[in-house]
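Residues per chain, in single letters:
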Amino acid sequence: MTYKQRELKKKMRKNKDVVKRPPADPALLTPRPPVVTILGHVDHGKTTLLDNLRKSQVAAMEAGGITQHIGAFLVHLPSGEKITFLDTPGHAAFTAMRARGSRITDIVILVVAADDGVMEQTVESIHHAKNAKVPIILAINKCDKPEADPERVKKELLAYDVVCEDYGGDVQAVNISALKGDNLMALAEATVALAEVLELKADFAGLVKGVVIESRIDKGKGPVTTAVIQGGTLRKGCFLIAGKSWAKVRLMYDENGQTMAVATPGLPVEIMGWKEIPSAGDEILEVESEQIARNVVDWRNYAEQQEKIKQDIEVIEAKRKKHRDEYEKQQEMFDGLSWRMRKRAQYEAGKDVWFLRPKEREESDRNVLPIIVKGDVDGSVETLLNILDGYNAKDECELDILHFGIGDINQNDINLAEPFKGIIYGFCVNADSSTQKLAAKKGIKIKLHNIIYKLIEDLKEELSRRLPLAVHELEIGEASVLAIFYGTVKKNKNVPVAGCRVQEGQLNRKMKFKVIRNGDVIWKGLSTSLKHFKDDVQVVKAGMECGLSLDQYTDIKIGDQIICYEEKEVKESISWDPGF
Ligand SMILES: Nc1nc2c(ncn2[C@@H]2O[C@H](COP(=O)(O)OP(=O)(O)OP(=O)(O)O)[C@@H](O)[C@H]2O)c(=O)[nH]1
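- Under an unreviewed UniProt entry, the name given to the protein chain is Translation initiation factor IF-2, mitochondrial isoform X4, and the source organism is Alligator sinensis.
- According to UniProt, the comment filed for the protein chain under the heading Function (unreviewed entry) is "One of the essential components for the initiation of protein synthesis. Protects formylmethionyl-tRNA from spontaneous hydrolysis and promotes its binding to the 30S ribosomal subunits. Also involved in the hydrolysis of GTP during the formation of the 70S ribosomal complex."
- For the protein chain, the Sequence similarities (unreviewed entry) comment in UniProt is given as "Belongs to the TRAFAC class translation factor GTPase superfamily. Classic translation factor GTPase family. IF-2 subfamily."

### Structural notes on the layout of surface pockets
Now for step 1: As a volume, the largest pocket reaches approximately 630 Å³.
Now for step 2: Considering the residues around the largest pocket, the lining is formed by 30 residues, among which Arg21, Pro23, Lys209, Gln230 and Gly231 are closest to the centre.
Now for step 3: At the level of secondary structure, the elements contributing two or more residues to the lining of the largest pocket comprise strand 8 (201–202), strand 10 (222–231) and strand 16 (283–287).
Now for step 4: Taken together, the residues that form the lining of the largest pocket break down as 16 nonpolar, 4 polar and 10 charged.

### Some thoughts on the pairing of strand 9 (residues 209–218)
Each regular strand carries side chains that alternate between the two faces of the sheet.
Now for step 1: The pairing of strand 9 with strand 10 spans 9 bridges and is antiparallel. Note on strand 10: the bridge partner recorded for Arg216 is Val224.
Now for step 2: The turn linking strand 9 back onto strand 10 is made up of 3 residues.
Now for step 3: Here strand 9 runs beside strand 16; their pairing, made up of 3 bridges, is antiparallel.

### What about the sheet that holds strand 2 (residues 35–40)?
Now for step 1: Taken in spatial order, the 6 strands make up an open sheet running 3-4-2-5-6-7, and their pairing is mixed. Unpaired on one side and paired on the other, strand 3 (72–76) and strand 7 (173–175) mark the two borders of the sheet. Sheet twist, expressed as the mean angle between neighbouring strand axes with direction ignored, is 30°.
Now for step 2: For strand 5 (residues 107–113) and strand 6 (residues 136–141), the ladder comprises 6 bridges, and the chain directions are parallel. Opposite Val112, over in strand 6, you have Ile140 as the bridge partner.
Now for step 3: Running at roughly 170° to strand 5, helix 4 (residues 120–131) makes contact with strand 2, strand 5 and strand 6 of the sheet.

### As for the site of the ligand
Now for step 1: Close to the ligand lie 15 residues, the nearest being Lys46, Thr47, Thr48, Asp144 and Ala178.
Now for step 2: One nitrogen or oxygen atom from the main chain of His44 is found 3.3 Å from an oxygen atom belonging to the ligand.
Now for step 3: A distance of 3.0 Å separates an oxygen atom of the ligand from a polar atom in the backbone of Ala178.
Now for step 4: Surface burial for the ligand is 70%, taken as the share of its 650 Å² of free accessible area covered by protein chains.
Now for step 5: Examining the composition of the shell around the ligand, we find that 3 residues originate from one element, helix 2 (residues 46–61), more than from any other.
Now for step 6: Considering only residue class, the shell around the ligand consists of 3 nonpolar, 7 polar and 5 charged.

### Examining the sheet that holds strand 13 (residues 245–253)
The strands making up a sheet associate through backbone hydrogen bonding, with each pair oriented either parallel or antiparallel.
Now for step 1: Taken in spatial order, the 6 strands line up as 9-10-15-13-12-16 and close into a barrel, and their pairing is antiparallel. With strand direction ignored, the average angle separating the axes of adjacent strands in the sheet is 50°.
Now for step 2: Looking at chain direction, strand 12 (residues 239–242) and strand 13 are connected through 4 bridges and run antiparallel. The residue bridging Ile241 from the neighbouring strand is Trp246, located in strand 13.

### Regarding the nonpolar core
Now for step 1: Formed by 27 residues in total, the largest nonpolar core has its most connected members in Ile371, Leu388, Leu459, Leu463 and Trp576.
Now for step 2: Among the secondary structure elements, those contributing two or more residues to this core are helix 7 (290–334), strand 17 (368–375), helix 9 (378–389), strand 19 (423–427) and helix 12 (452–465).
Now for step 3: In terms of domain composition, this core takes at least three residues from each of domain 3 (303–355) and domain 4 (368–467).
Now for step 4: With residues up to four places along the chain from it excluded, the contact list for Trp576 reads Ile387, Leu388, Gly390, Tyr391, Asn392, Ala393, Ile456, Leu459, Lys460 and Leu463.
Now for step 5: In this structure, Leu50, Phe73, Val174 and Val192 belong to the second largest nonpolar core, which totals 26 residues.

### Description of the pattern of salt bridges
Now for step 1: Scanning the entire structure with this criterion turns up 28 salt bridges.
Now for step 2: With a closest N to O distance of 3.9 Å, Glu283 and Lys209 form a salt bridge. A residue pair is termed long-range when its members are at least 10 positions apart, and Glu283 in strand 16 and Lys209 in strand 9 qualify at 74 residues.
Now for step 3: Across the pair Lys244 and Glu304 runs a salt bridge, and its minimum N-O distance is 3.0 Å. Of this pair, Lys244 sits in the loop between strand 12 and strand 13 while Glu304 sits in helix 7, and the two are 60 residues apart along the sequence.
Now for step 4: Judged by relative accessible area, which is 33%, Lys244 ranks as partly exposed.

### Looking at the packing of helix 9 against helix 12
Now for step 1: Between helix 9 and helix 12, whose axes approach to 11 Å, the crossing angle comes to 40°. Relative to helix 12, the element helix 9 is oriented oblique. The interaxial crossing formed by helix 9 with helix 12 has right-handed handedness. Contacts from Thr383, Leu384, Ile387 and Leu388 in helix 9 reach Ile452, Leu455, Ile456 and Leu459 in helix 12.

### Remarks on helix 12
Now for step 1: Taking 1.5 Å of rise per residue, the 14 residues of helix 12 would be expected to cover 20 Å, and the 20 Å separating its terminal C-alpha atoms lies within 8% of that figure.
Now for step 2: Among all positions in helix 12, only Ile452, Leu455, Ile456, Asp458, Leu459, Lys460, Glu462, Leu463 and Ser464 are buried.

### Re the environment of Lys531
Now for step 1: Note that Lys531 resides in strand 25 (residues 527–532).
Now for step 2: Its relative accessible area of 28% is what places Lys531 among the partly exposed residues.
Now for step 3: Between the C-alpha atoms of Lys531 and Glu545, which are 14 residues apart in sequence, the distance is 8.9 Å.
Now for step 4: Setting aside its immediate chain neighbours within four residues, Lys531 contacts Asp536, Val537, Cys546 and Gly547.

### Let's talk about the pairing of strand 4 (residues 82–86)
Now for step 1: Burial of strand 4 is extensive: 4 of the 5 residues sit out of reach of the surface.
Now for step 2: Both strand 2 and strand 4 contribute to a ladder of 3 bridges, which runs parallel. In the sheet register, Val35 faces strand 4, and the bridge partner there is Thr84.
Now for step 3: With 5 bridges connecting them, strand 3 and strand 4 associate as antiparallel partners. Each residue of the ladder has a partner; that of Leu74, found in strand 4, is Thr84.

### Quick look at empty space enclosed by the protein
Now for step 1: Tallied over the entire structure, the rule returns 2 cavities of 30 Å³ or more.
Now for step 2: Estimated volume of the second largest cavity: approximately 40 Å³.
Now for step 3: In terms of lining, the second largest cavity is formed by Pro496, Ala498, Leu548, Ser549, Leu550, Tyr553, Ile556 and Ile562.
Now for step 4: Elements supplying a minimum of two residues to the lining of the second largest cavity: strand 22 (492–508) and strand 28 (545–550).
Now for step 5: Examining the composition of the lining of the second largest cavity, we find that 3 residues originate from one element, strand 28, more than from any other.
Now for step 6: Across the lining of the second largest cavity, the residue classes break down as 7 nonpolar, 1 polar and no charged.

Parameters and conventions
- Residues numbered from 1 in each chain as written.
- Predicted model: local features only at pLDDT ≥ 70, side-chain atom pairs only at ≥ 80, totals over all residues.
- Heavy atoms only, no water.
- UniProt positions renumbered as here; feature names shortened; annotations may be inferred.
- 1 Å grid on protein atoms, 1.4 Å probe; cavity = no way out; pocket = protein on both sides within 12 Å on 5 of 7 lines; lining within 4 Å.
- Points joined across faces, edges and corners; volume = space filled by probe spheres on them.
- Helix = DSSP H or I, 4+ residues; strand = E, 2+ residues; numbered from the N terminus.
- Nonpolar A, V, L, I, M, F, W, Y, C, P; charged D, E, K, R; others polar.
- Pairing = 2+ DSSP bridges.
- Axes fitted to C-alpha atoms, helices over the stretch in contact; angles between N-to-C directions.
- Contact = heavy atoms within 4.5 Å.
- Near = heavy atom within 4 Å.
- Polar contact = N/O pair within 3.5 Å; in protein donor to acceptor, adjacent residues only side chain to side chain.
- Areas by Shrake-Rupley, 256 points an atom, 1.4 Å probe, with all protein chains shown as cover.
- Core = buried A, V, L, I, M, F, W, Y, C linked by side-chain atoms within 4.5 Å.
- Buried < 20%, exposed > 50% of the residue type's maximum accessible area, 1.4 Å probe, protein only.
- Domains from an automatic or database assignment.
- Salt bridge = Lys/Arg side-chain N within 4 Å of Asp/Glu carboxyl O.
- Parallel < 35°, antiparallel > 145°, perpendicular 65-115°, else oblique.
- Left-handed = near helix turned anticlockwise from the far one by under 90°.
- Expected span 1.5 Å × (residues − 1).

Quick look at the structure:
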């Protein structure tokens, strides 16, 4: 390990994430209900099937309760068995969960309409199930229709390696009518039978483990999630972690809005008590105390930020490399040319960023931006300094790095910056309140950033701010000289007065003027008088004639063009392009 790596390691925070428990002793496992997802082609009856299964429960309970959609619900069979159905819209939820590595579904019920047969999304559903290694039960739906042909469905499925029992395979097929509710109990029994074969078991003791199925903000309850418990027994008061949120479980509900005292593996449960809403697919883990929960969330936020910084640095490094490669390629092209030719070629290539804009400046108005750079780790300071190494606009404003280092910004940094009126840049570091106060008192700017390119943007802005304002000429009128005559202007006798016609815009006495002859500007300055006939006027508009005399300029000739213009000061931007 290099010195740098050792230093970096020292500065990394200790990992405080939850450590997952090892799998429990198989002897301690207890059977649990299966978790089922219904998949199938559009309009083949998934929603109708789920609705009917759910309704069967309300009737069975005779509770008259309103079943709400919470993302999952439980079906109780007369035999006492239970099945958990996920009812978040099929494929999307299934793939989202899988993408996040949560394997929650034990069994897929594949719905195929008997009057339509195997369709595109039927095949897609088969692939999803097979990829996830989840066994299938076939529900041949719409069997109430006269044109229903369940045998055709089974035959078509052979082509996709879904072999029903009648054909010598192990896929159970049940003919149903989701609409009429026919044979739904047989479907449920087939599910329970498969669950028995799969020997679905879990450890009911120990810390809770589960998966977020859905989450939402409820007006009354705040952030709530529907979860399926996979291990342990959830009780009020448990501390849970999911994603970057934690909860002290306040209340638990089932899909009928009834409070639950405990939730055991395989059961869906709505959990109240989250500080923020976790995302669907997030793994839920129980921890022993609120302090541990807070530490874990804190750590996960920190780890995520570190990962973002790492990615940022990678992106920036890649962009800088590309930039440099392009520059080197361009330089190769210019090899063998004299500097004049090279400069010209560079101008033509429009790449004015790699050489300095010639700007003549007095030594006295040397532009300098003194800075101090502080970063959280060696790597980030090094990256920043590498970028600053490429600073190539020092003719416009010099960049003076007074000091750089690792760690929070402190009073020493302020004291160091003060005599230079420097700016202190911090990357992923802080400045405590006394440092901030001292900086404010001494008029030193502290700039804290967590994203490198934002810090560089900020620096570019500060550099640009130090550039003198550029003067832009805004043309407001144009006139041509038709005659020259002589008169008295402001007590001076025999002053040449240009008799002009205004062709465009207007001439304004208070603005500036320039004289153009044969395409060249031969004079610039102010006017001493502007007359329309005998009257002194402020403005003469297009189409009108006027007499104009210019301050200290006597060489005006017929045919000259007069331009009246306004000078505007505009802010300039530094020409440095760090390459990202
Ligand atoms: N005759 C008959 N019609 C059914 C049956 N099951 C569903 N339908 C009808 O088929 C249509 C589509 O049913 P849905 O349950 O919405 O189908 P789905 O698969 O959920 O459709 P998507 O949500 O669009 O993917 C509806 O008009 C249902 O009434 C059935 O068993 N028999």
